[in-house]
Amino acid sequence: MLEIAAVRILVIFIFGVCGYAVRPFGVNGIAAIAAGCALGSLVVAIEWRVIRMGVERVRGAAVGLLVGALIAFVSGAALTLHRPASGAVAEFAPMLLLLIFGYVGTAVGARKGELLSVGSRPSKAHESDNELPLKILDTSVIIDGRIADVAETGFLDGVLLVPQFVLRELQLVADSSDSAKRNRGRRGLDILQRIQKMAQVSVRIVEDDFPAVREVDLKLIELAKMNNGKIVTNDFNLNKVAQLRGVEVLNINELANSLRPVVLPGETMRVFILKEGKEYGQGVAYLDDGTMVVVDNARRMISKTIDVTVTSVLQTTAGKMIFGKHDERVQVVTPERSARREQAAGADA
């Protein structure tokens, strides 16, 4: 980073020296240096913007500039033939046309640069990116795999963007010497291929990168800002940082929590008391999906299966907690008693 900044400062200095040497329009030394430094700063700003655009947009901007210059040349020639001009008008008109058409061609080419990709499959995203919502997938949600099931059901609309730097991170995980990480990376690549084969989902690999940003999470946030998209993740930290920076996030974990079965106060449920709670007399159990159940009057029922009456349900950002109470008059269902019941039922049969 320091080397790049030093080179940019050197470029601005060289433009200032050139401005002093050339002295355009007959200006004095200080004004010529200021004009040269201003032109150098403009060049550095253009270079800084170009490296953030990505390969597709740079290619599109270059082609658009060439097309705009060609249109300006043809228009200038036609204008001269139709109405010959002389003097300042004859010198100024071609330059003005070149500036106008060159700018329009560059802007349009940069915006539609992905259409110039050779050999890529046409996608609905190329035709209507401005209309369809963009959702950017991060590494964790691809490896998790549940995004494929959500997309397959049709609940995920719009265009799914997969940045090239996310693919590189997936590749690094898949090539890891750790077998667990390697399996997770290969699973992520398989999930991505599965999503790409879905007819109802539009997936696009984007080349946009941000060399000045090192962390992948921050790259995702910058990409979401640039495309006015949403980040799809199950990373808690990325979720919080993105929200602080004004980027919308779709969290798969929050979606899973919202789809858990609803338990209402007054209902009875059967749970296995695993350990004692923080308060006196409490016992703690867990449902199959990991939801914690805090039961009053159940401390003596540890390692037993009991019937619990739900008293309240607390929904938090970290998940759902269920509070209930145990009626000691209700018969406790132990594993031994359950086995005896099954044996008795078999004998009666």
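Draft legend 1. Examining the sheet that holds strand β3 (residues 202-206) more closely. An order of β3-β2-β1-β4-β5 is seen for the 5 strands of this open sheet, with the pairing classed as parallel. With partners counted over all chains shown, the strands left at the sheet margins are β3 and β5 (249-251), one partner each. The average undirected angle you get between the axes of adjacent strands in this sheet is 30°. As defined by bridge partners, strand β4 (residues 230-233) adjoins β5 across 3 bridges and the pair is classed as parallel. The partner of I231 across the bridge, within β5, is V249. Lying over the sheet, helix α10 (residues 216-227) contacts β1 (134-137), β2 (159-163), β3 and β4, oriented at roughly 170° with respect to β1.

Draft legend 2. Inspection of the pairing of β1 at higher detail. Across the two faces of β1 the burial is the same, with L134 and I136 and K135 and L137 all buried. Two elements, β1 and β2, share 3 bridges in a ladder whose sense is parallel. Counted as the bridge partner of I136 is L161 from β2. Pairing of β1 with β4, which is carried by 3 bridges, proceeds in the parallel orientation. Note that in β4 the partner of I136 across the bridge is I231.

Draft legend 3. Inspection of a nonpolar patch on the surface at higher detail. A cluster of nonpolar side chains, namely L96, I100, Y103, V104 and V108, defines an oily patch on the protein surface of about 480 Å² accessible area. With respect to the helices and strands, the residue I100 is situated in helix α4 (residues 88-111).

Draft legend 4. Summary view of the pattern of salt bridges. Evaluated as defined, the whole model comprises 8 salt bridges. Between E248 and K230 there is a salt bridge; the shortest N-O distance is 3.8 Å. Of the two residues, E248 is situated in the loop between α11 (236-244) and β5 and K230 in strand β4; the sequence distance between them amounts to 18 residues. Its relative accessible area of 52% is what places E248 among the exposed residues. The exposure class assigned to K230 is partly exposed, which follows from its relative accessible area of 28%. One salt bridge in this structure joins R299 and E276, with 3.2 Å as the shortest N-O distance. Placement of R299 in the loop between β8 (292-296) and β9 (305-316) and of E276 in strand β6 (residues 268-276) is noted, with a sequence separation of 23 residues between them. Look at E276 and you get partly exposed, because its relative accessible area is 41%.

Draft legend 5. Focus on the packing of helix α8 (residues 164-174) against α10. At a minimum axis distance of 10 Å, the contact between α8 and α10 shows a crossing angle of 155°. Judged by the inter-axis angle, α8 sits roughly antiparallel to α10. Between α8 and α10 lies a crossing of left-handed hand. Taking contact as the criterion, the partners of F165, V166 and E169 in α8 are, on α10, V216, K219, L220 and L223. Residues belonging to the contact of α8 with α10 are distributed by class as follows: 5 nonpolar, no polar and 2 charged.

Draft legend 6. Structural detail: the packing of α10 against α11. Relative orientation of the contacting elements α10 and α11 amounts to 40°, with a least axis distance of 10 Å. The angle between the axes of α10 and α11 places the two elements in the oblique class. Both α10 and α11 take part in a crossing whose hand is right-handed. Between α10 and α11, the residues in contact are D217, L218, L220 and I221 and L238, V241 and A242, respectively. In terms of residue class, the contact of α10 with α11 is made up of 6 nonpolar, no polar and 1 charged.

Conventions we followed
- Residues numbered from 1 in each chain as written.
- Predicted model: local features only at pLDDT ≥ 70, side-chain atom pairs only at ≥ 80, totals over all residues.
- Heavy atoms only, no water.
- Pairing = 2+ DSSP bridges.
- Helix = DSSP H or I, 4+ residues; strand = E, 2+ residues; numbered from the N terminus.
- Axes fitted to C-alpha atoms, helices over the stretch in contact; angles between N-to-C directions.
- Contact = heavy atoms within 4.5 Å.
- Buried < 20%, exposed > 50% of the residue type's maximum accessible area, 1.4 Å probe, protein only.
- Patch = residues over 30% accessible without salt bridge, like charges linked within 9 Å, V, L, I, M, F, W, Y side chains within 5 Å.
- Areas by Shrake-Rupley, 256 points an atom, 1.4 Å probe, with all protein chains shown as cover.
- Salt bridge = Lys/Arg side-chain N within 4 Å of Asp/Glu carboxyl O.
- Parallel < 35°, antiparallel > 145°, perpendicular 65-115°, else oblique.
- Left-handed = near helix turned anticlockwise from the far one by under 90°.
- Nonpolar A, V, L, I, M, F, W, Y, C, P; charged D, E, K, R; others polar.

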